Structures are given as structure tokens and as C-alpha cells.
Amino acid sequence: MSAPEREHESPAERLFFALWPDDALRRQLTQCRDALAARAGGRPVSAENLHLTLAFLGRTDGRQRACVEAMADALHCPPFALLLNRSGYWPRPRVLWIGPAVMPEALIRLAAALRSGAEGCGLKLDASPYRAHITLLRKLARPAQAAACPPLNWPVDRFVLVRSRTLPEGVEYEVVREWGLGRG
Ligand code: ATP
Ligand code: MG
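So, how was this worked out
- Residues numbered from 1 in each chain as written.
- Chains lettered and ligands numbered in written order.
- Predicted model: local features only at pLDDT ≥ 70, side-chain atom pairs only at ≥ 80, totals over all residues.
- Heavy atoms only, no water.
- Near = heavy atom within 4 Å.
- Polar contact = N/O pair within 3.5 Å; in protein donor to acceptor, adjacent residues only side chain to side chain.
- Areas by Shrake-Rupley, 256 points an atom, 1.4 Å probe, with all protein chains shown as cover.
- Helix = DSSP H or I, 4+ residues; strand = E, 2+ residues; numbered from the N terminus.
- Nonpolar A, V, L, I, M, F, W, Y, C, P; charged D, E, K, R; others polar.
- Pairing = 2+ DSSP bridges.
- Buried < 20%, exposed > 50% of the residue type's maximum accessible area, 1.4 Å probe, protein only.
- Contact = heavy atoms within 4.5 Å.
- Axes fitted to C-alpha atoms, helices over the stretch in contact; angles between N-to-C directions.
- Phe/Tyr/Trp six-rings, centres within 6.5 Å; stacked < 30°, edge-to-face > 60°.

**Student:** What am I meant to see in the site of ligand 1 here?
**Tutor:** By nearness alone, every residue bordering ligand 1 is listed as Arg 14, Phe 16, His 51, Thr 53, Phe 56, Asp 126, Arg 138, Ser 164, Val 171 and Tyr 173. Separating an oxygen atom of ligand 1 from a side-chain N or O atom of Ser 164 is a distance of 2.6 Å. The side chain of Tyr 173 places a nitrogen or oxygen atom 2.2 Å from an oxygen atom of ligand 1. Its free accessible area being 590 Å², ligand 1 has 63% of it covered by the protein chains. Secondary structure elements with two or more residues in the shell around ligand 1: β1 (13-19), β3 (52-60) and β10 (170-180). Class assignment for the residues of the shell around ligand 1 results in four nonpolar, three polar and three charged.

**Student:** When you look at the pairing of β10 in this model, what are you seeing that I'm missing?
**Tutor:** The side chains of a regular strand alternate, first on one face of the sheet and then on the other. Pairing analysis gives ten bridges linking strand β9 (residues 158-167) to β10, with the strands arranged antiparallel. For Val 160, the partnering residue across the bridge sits in β10 and is Glu 178. Hairpin connection, β9 to β10: the antiparallel pair is bridged by two residues.

**Student:** Which parts of the structure should I look at to understand the environment of Cys 121?
**Tutor:** Turning to its location among the elements, Cys 121 is positioned in the loop between α4 (105-120) and β7 (134-138). Judged by its relative accessible area of 11%, Cys 121 falls in the buried class. Spatially, the C-alpha atom of Cys 121 lies 10.0 Å from that of Glu 69, the residues being 52 residues apart in sequence. Filtering out sequence-adjacent residues up to four positions away, Cys 121 remains in contact with Gln 64, Cys 67 and Val 68.

**Student:** Help me understand the side chain of Gln 64, please; the structure alone is not making it clear to me.
**Tutor:** Looking at where Gln 64 falls in the secondary structure, it is placed in helix α3 (residues 62-73). For Gln 64, the contacting residues outside a window of four places in its chain are Arg 59, Cys 121, Gly 122 and Leu 123.

**Student:** Whenever I open this one, the sheet that holds β10 confuses me. Can you help?
**Tutor:** Adjacent strands of a sheet pair through backbone hydrogen bonds, lying either parallel or antiparallel. Taken in spatial order, the four strands line up as β3-β1-β9-β10 in an open sheet, and their pairing is antiparallel. Strands with a single pairing partner mark the edges of an open sheet, and in this sheet they are β3 and β10. The average angle at which neighbouring strand axes cross in this sheet is 25 degrees, direction not considered. Pairing analysis gives seven bridges linking β1 to β3, with the strands arranged antiparallel. Opposite Phe 16, over in β3, you have Phe 56 as the bridge partner. Across the face of the sheet, α3 comes into contact with β1, β3, β9 and β10 while running at roughly 45 degrees to β10.

**Student:** Would you mind showing me how to read the packing of aromatic side chains here?
**Tutor:** A ring pair, where both rings are aromatic, is described by two values, the distance of the centres and the angle of the planes. The full count for this structure, using the stated rule, is six aromatic pairs. Both rings, one in Phe 16 and one in Tyr 173, keep their centres 5.2 Å apart while their planes meet at 75 degrees; by these two values the pair is edge-to-face. A residue pair is termed long-range when its members are at least 10 positions apart, and Phe 16 in strand β1 and Tyr 173 in strand β10 qualify at 157 residues. Of the two residues examined, Phe 16 and Tyr 173, each falls in the buried class. The interplanar angle of 40 degrees and the centroid separation of 5.1 Å between the aromatic rings of Trp 90 and Trp 97 together place this pair among those described as tilted. Each of the two residues, Trp 90 as well as Trp 97, counts as buried. An aromatic cluster of at least three residues, connected via ring pairs, comprises Phe 16, Trp 20 and Tyr 173.

By themselves, these figures tell us nothing about what the structure is for.
Right, dumping it as C-alpha cells:
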């Protein structure tokens, strides 16, 4: 079987592009999450799952995955600073999140480039507007302000492709590829 055929045959995976915190930021996010959970209740997102989605691809077969990886290889986006200084509450899923009060232009461009690149690979992405956020708590008992969290500065110099699997014990994310920003 040729490589393209093999790629086509491989089973579909649920994939998304994301910004992936390093260990130090992950610790700060976890502290913020726990301070909020003490006030608001809810189900905490596990420390290893904390992330900021750039583009959700959904079910992706092997050929589409090869296409989006080649698309990401060819992207040229600069590194940028992301200030996580606002929180929000979405009542329908009852999630509490933190994110930037102001979206950096480079983040908007990166997310848009990944989105349109993925669409060029035949994937159909959700039409709703992009809202950068890190979900900290789900199924909140009561809405809460995120005043317990100091603003966090995230120097973003890479993005990742993540495989998401739903297991009986909860969702599991695995980083399958990583790209640096500002190469070349
Ligand atoms: P679960 O759905 O099992 O509760 P999850 O939402 O964490 O877990 P996924 O559904 O795989 O896991 O989603 C991975 C990431 O992509 C999450 O950040 C999620 O908010 C985001 N996401 C999921 N579906 C969409 C969508 N249709 N549009 C935009 N982002 C999405
Ligand atoms: Mg989901």
C-alpha cells in the first residue's frame, strides 16, 4: 500500500490546534483554577488538560491530518505576548474561563490561518467567531469573578496539534506535533 493510501485508511481522530502552557504557567493556571473553585464550585479541568484552543478540527482522517500538518509547516507567524487578564462565564455550558482582554493581532492571525488552512484540507470548522480562552472550571455551581487570579503573561513561541479522546474516566489530550513561531 502506498503512503497516501495508508494515510487515507488510518482511522479518524479528533484533533485541534492549541497553545499549550509550559509547566510554570500550568502551575499558575492551576492555582487560579483552585482559588476560583473554592468560591464557585464546579468541575476543575485537570492540570495536564489546561490549554487554549486555536482551531478545532474535529474528526480528521489520515490524509486530512497530513494535509494540515503540511499547512502548519508552511506557516510563518511571529511569536507574541499574551496577557491573560480577564475572566468570563458562559452560562449554557456553565464554564468559567480566563483569556486576554485584548486579542493580540498575531493571535487573531494565527488562529485564522490555521482555520482557513484546515478548511483548505477539506475540514469543516465550526462557524462561530473565535474566542480565545482557557477553560478552568466546568459545570459551575455559581458564577464567580476571577479576581482571585493575578494577570498572567504568556510569552507564546509555539503551537501544537492535539489529539482528543473521550475515555470513561474523562477526556484525554495528547500533543502529537509542535511548531515554533517566528522561524525563518
Ligand atoms: P468534552 O467535549 O469531552 O467535554 P473537551 O470539550 O475538552 O471535552 P473536545 O471536545 O475534544 O474536548 O474539545 C477540544 C477543545 O476544542 C476544547 O478546548 C473545546 O472547547 C474545543 N472545541 C470543541 N468543539 C469545538 C467547536 N465545535 N468549535 C470550537 N472549539 C471547539
Ligand atoms: Mg467538547
